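# Architecture and fold: a report
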Amino acid sequence: MRVFVAGGSGVLGRRLVPQLVARGHQVTATTTGSAKLGLLEKLGAEAVVMDGLDAASVGEAVAKARPDAIVHQMTAISVAHAGKPDMKHMDRWFAGTNRLRTEGTDHLLAAAEATGVTNFVAQGYGAWNGIRTGGWIKTEQDPVDPMTGTPAEPGMAAIGHVEEVVVKAGGAVLRYGWFYGPGAMDDLVEPVRKRQFPVVGGGDGYCSWVHLDDAASATVLAVERQAKGVFDIVDDEPAPANVWLPYLAESAGAKRPMRFPTWLARPLAGDVAVMMMTEGRGFSNAKAKRELGWELRYPSWRQGFKEELA
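Treat the numbers as computed from the prediction; the structure is a model and nothing was measured.

### Quick look at the overall build of the chain
Check the secondary structure of the chain and you find 14 helices and 15 strands. Whereas a compact globule of 310 residues would reach a radius of gyration of roughly 19 Å, the chain reaches 19 Å, a difference of no more than 12%. In terms of overall dimensions, the chain has C-alpha extents of about 55 × 40 × 40 Å along its principal axes. Put simply, the chain has 310 residues, and 54% of those count as buried. Here the chain displays about 13100 Å² of accessible surface, and carbon together with sulfur accounts for 51% of that area. For the chain, the distance from the average position of its 33 positive side-chain charges to the average position of its 35 negative side-chain charges is 4 Å.

Encoded structure:
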């Protein structure tokens with residue numbers, strides 16, 4: 001199968017491209033600048049420079065590749081694109097990614113329609129952002145929380161846009177949990193080691209994690225099975241912050257995280273961080289296992305954190 005991976009040089013793309021190639025697929029992968037063309041070629045892909053926010057650039061790249069499937073992994077949350085992670089000002093931190101999830105998604109879908117591609121898989125998000133009513137663990141039947149009135153609201157709206165338009169077009173949206181693994185650990189572990197990542201309030205809010213290699217293998221299956229609809233791509237153990245954060249610190253050889261009351265954390269870290277730590281909802285992977293036949297190499301973040309930080 002000819003697979004077009006938009007955003008192939010990102011942290012997930014770098015794990016996805018080799019898995020697709022190993023399965024015998026012919027991969028065209030995009031990056032935003034010529035500096036990473038060599039990297040993509042080493043991974044086994046035909047490398048292309050593409051601007052995901054330029055409809056002509058997207059249309060030309062897709063038409064030239066003549067793909068059987070399109071995978072949308074375009075984001076702009078790396079330090080190079082968006083600066084250091086900033087949950088207090090998430091609207092600014094995710095501004096580029098939000099455009100790629102709205103305008104970029106629309107450009108890719110238009111290119112898919114123009115070239116007759118119906119096998120379309122897009123990146124969504126399902127870590128701690130399940131709707132904050134009812135139980136702690138959500139399924140694909142539950143919407144993501146709109147985070148109304150917080151700096152996360154534009155990002156949740158962009159994720160909602162991806163789910164709406166891609167599913168309507170007959171494609172699949174993969175709600176990946178919080179990524180960890182090669183290239184995705186430093187921004188997480190550095191503040192933990194500096195004791196700048198406290199447990200807020202009771203730390204009762206849940207989060208779902210997924211190792212990059214497991215996220216990539218689920219994506220390969222979604223492509224090969226021409227999946228349709230929404231899938232939660234998370235590991236087997238959604239957990240509250242008061243469990244996973246101390247374990248992460250221990251795995252990283254750091255001191256135990258401090259505890260901040262919500263009244264102190266809110267002005268320092270912002271509403272979104274407090275919400276994640278105290279009210280976050282995780283997700284269930286039952287549908288992905290059942291319908292995609294997905295088997296995880298890292299069923300729990302406990303195993304994954306230990307191995308990655310050994």
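Don't stop here, the text continues.
### Some details on the nonpolar core
In terms of nonpolar packing, the biggest core is built from 41 residues, with Trp128, Trp178, Phe197, Trp209, Trp244, Leu248 and Trp301 touching the most fellow members. Contributing elements (two or more residues each) for this core: helix 5 (90–93), helix 7 (153–168), strand 8 (178–180), helix 8 (186–193), strand 9 (199–200), helix 10 (241–251), helix 12 (271–279) and helix 14 (301–308). In terms of residue count, helix 10 provides more of this core than any other element does, six residues in total. If we ignore the near neighbours within four places in the chain, the residues touching tryptophan 301 are Tyr180, Trp209, Asp235, Glu237, Ala239, Val243, Trp244 and Tyr247. Within the second largest apolar cluster, 36 residues are counted, among which are Val5, Ala29, Ala69 and Ala216.

### Some remarks on the environment of asparagine 119
With respect to the helices, strands and loops of the structure, asparagine 119 is situated in strand 5 (residues 119–125). Asparagine 119 sits in the buried class, given a relative accessible area of 3%. Through-space distance from the C-alpha of asparagine 119 to that of threonine 30 is 18 Å; in sequence the pair is 89 residues apart. Every residue in contact with asparagine 119, bar those within four places of it in the chain, is listed here: Met1, Asp68, Ala69, Ile70, Ala222, Val223 and Gln226. For asparagine 119, the side chain forms a polar contact with the main-chain oxygen of valine 223, separated by 2.9 Å.

### Quick look at the sheet that holds strand 2 (residues 26–31)
With parallel pairing, seven strands are arranged side by side in an open sheet as 3-2-1-4-5-7-12. A strand with exactly one partner marks an edge of an open sheet, and here the two such strands are strand 3 (46–49) and strand 12 (229–233). Recorded for the sheet is a direction-independent mean angle of 20° between the axes of neighbouring strands. Bridge analysis of strand 4 (residues 69–72) against strand 5 gives four bridges, and the strand direction is parallel.

### Regarding helix 7
Taking 1.5 Å of rise per residue, 16 residues should cover 22 Å, and helix 7 covers 22 Å from first to last C-alpha, within 8% of that figure. On the buried face of helix 7, the contacting elements are helix 6 (95–115), strand 5, strand 7 (172–176) and strand 12.

### Description of the side chain of asparagine 129
Relative to the elements of secondary structure, asparagine 129 occurs in the loop between strand 5 and strand 6 (137–138). A polar atom in the side chain of asparagine 129 sits 2.9 Å from the backbone nitrogen of alanine 127. Those residues in contact with asparagine 129 that sit more than four places away from it in its chain are Val144, Asp145, Met147, Met156, Ile159, Arg281 and Phe283.

### As for helix 8
Regarding helix 8, the residues found buried are Leu188, Val189, Pro191 and Val192. Mapping the buried residues of helix 8 onto a view down its axis gives an arc of 165°, with all of them on the same face. Those residues of helix 8 that are buried are in contact with strand 8, strand 11 (209–211) and helix 10. At the exit of helix 8 stands arginine 195, carrying a positive phi of roughly 55°.

### Quick look at the pattern of salt bridges
Any two side chains of opposite charge can pair, on the condition that their charged atoms come close. Scanning all chains against the criterion turns up 14 salt bridges. The partner of aspartate 68 in a salt bridge is arginine 2, and the shortest N-O contact between them spans 3.8 Å. Of this pair, aspartate 68 sits in the loop between helix 3 (55–65) and strand 4 while arginine 2 sits in strand 1 (residues 2–6), and the two are 66 residues apart along the sequence. Residue aspartate 68 is classed as partly exposed on the basis of its relative accessible area of 35%. Ionic pairing is found between glutamate 291 and arginine 290, a salt bridge with its closest N-O pair at 3.7 Å. Residue glutamate 291 is classed as partly exposed on the basis of its relative accessible area of 41%. Salt bridges sharing partners connect three or more residues here, namely Arg15, Asp213 and Arg297.

The rules behind the values
Residues numbered from 1 in each chain as written. Predicted model: local features only at pLDDT ≥ 70, side-chain atom pairs only at ≥ 80, totals over all residues. Heavy atoms only, no water. Helix = DSSP H or I, 4+ residues; strand = E, 2+ residues; numbered from the N terminus. Rg over C-alpha atoms; globule rule 2.2 N^0.38 Å. Buried < 20%, exposed > 50% of the residue type's maximum accessible area, 1.4 Å probe, protein only. Areas by Shrake-Rupley, 256 points an atom, 1.4 Å probe, with all protein chains shown as cover. Lys, Arg positive; Asp, Glu negative; His and termini not counted. Charge placed at Lys NZ, Arg CZ, Asp CG, Glu CD. Core = buried A, V, L, I, M, F, W, Y, C linked by side-chain atoms within 4.5 Å. Contact = heavy atoms within 4.5 Å. Polar contact = N/O pair within 3.5 Å; in protein donor to acceptor, adjacent residues only side chain to side chain. Pairing = 2+ DSSP bridges. Axes fitted to C-alpha atoms, helices over the stretch in contact; angles between N-to-C directions. Expected span 1.5 Å × (residues − 1). Arc of directions from axis to C-beta. Salt bridge = Lys/Arg side-chain N within 4 Å of Asp/Glu carboxyl O.

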